[in-house]
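Here's the letter readout for the chains.
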Amino acid sequence: MYQVVLQSEAISDMQDAYDWYEEQRTGLGNEFVEEVEISLEKISEHPEYYSYVNDIYRRIKTNRFPYLIIYEIENNTVFVNSIMHGMRNSKY
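Residues numbered from 1 in each chain as written. Predicted model: local features only at pLDDT ≥ 70, side-chain atom pairs only at ≥ 80, totals over all residues. Heavy atoms only, no water.

1. Brief notes about the overall build of the chain
Within the chain, the regular secondary structure consists of two helices and four strands. Reading the chain from its N terminus to its C terminus gives the helix and strand order β-α-α-β-β-β. Relative to the 2.2 N^0.38 estimate, which gives 12 Å for 92 residues, the radius of gyration of the chain is 13 Å and therefore close to what a compact globule would have. Considering only C-alpha atoms, the chain reaches an extent of 40 × 25 × 25 Å along its principal axes. Counting only residues that meet the buried cut, the chain has 40% of its 92 residues in that class. Across the chain, every contact between residues at least 6 apart in sequence was considered, and the portion connecting residues at least 24 apart equals 45%. Here the chain has roughly 5700 Å² of accessible surface; of this, 44% comes from carbon and sulfur atoms. Of the side chains in the chain, 8 bear a positive and 16 a negative charge, and the two mean positions are spaced by 9 Å. (Helix = DSSP H or I, 4+ residues; strand = E, 2+ residues; numbered from the N terminus. Rg over C-alpha atoms; globule rule 2.2 N^0.38 Å. Buried < 20%, exposed > 50% of the residue type's maximum accessible area, 1.4 Å probe, protein only. Contact = heavy atoms within 4.5 Å. Areas by Shrake-Rupley, 256 points an atom, 1.4 Å probe, with all protein chains shown as cover. Lys, Arg positive; Asp, Glu negative; His and termini not counted. Charge placed at Lys NZ, Arg CZ, Asp CG, Glu CD.)

2. Structural notes on the packing of aromatic side chains
Overall, the coordinates contain seven aromatic pairs when judged by the stated rule. Plain terms: the ring middles of Tyr-21 and Phe-65 are 4.8 Å apart, the flat faces sit at 65° to each other, and that makes the pair edge-to-face. With Tyr-21 in helix 1 (residues 8-24) and Phe-65 in the loop between strand 2 (58-61) and strand 3 (67-74), this pair connects stretches of sequence that are 44 residues apart. Phe-65 matches Tyr-21 in its accessibility class, with the two residues each being buried. Connected via pairs of aromatic rings, a cluster forms that spans Trp-20, Tyr-21, Phe-32, Phe-65 and Tyr-67. For the cation-ring pair, Arg-58 lies above Tyr-52, with the distance from its terminal atom to the ring centre recorded as 3.9 Å. (Phe/Tyr/Trp six-rings, centres within 6.5 Å; stacked < 30°, edge-to-face > 60°. Lys NZ or Arg CZ within 6 Å of the ring centre and 35° of its normal.)

Spatial relationships are all this shows, so hold off on functional conclusions.
Structural data, given as structure tokens:
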């Protein structure tokens, strides 16, 4: 398994999304975080399985929420650079 490290931008992205979902319905933010954690576990187990978005970065889509997790692999570590809303960032 690879170590997964969330960069500060990814942490901020996740907090913003959590806050927004919690405003929509109490507990929905926690469901979002759980979904992201499932995707991070998948990345940890098989980081090379997911599609490239360019020469460096790869992405995985969360199942329930329309978010993309953008990451890069360096040695045995996965650096998560951002967690972005997929509908607002169609270039990925």
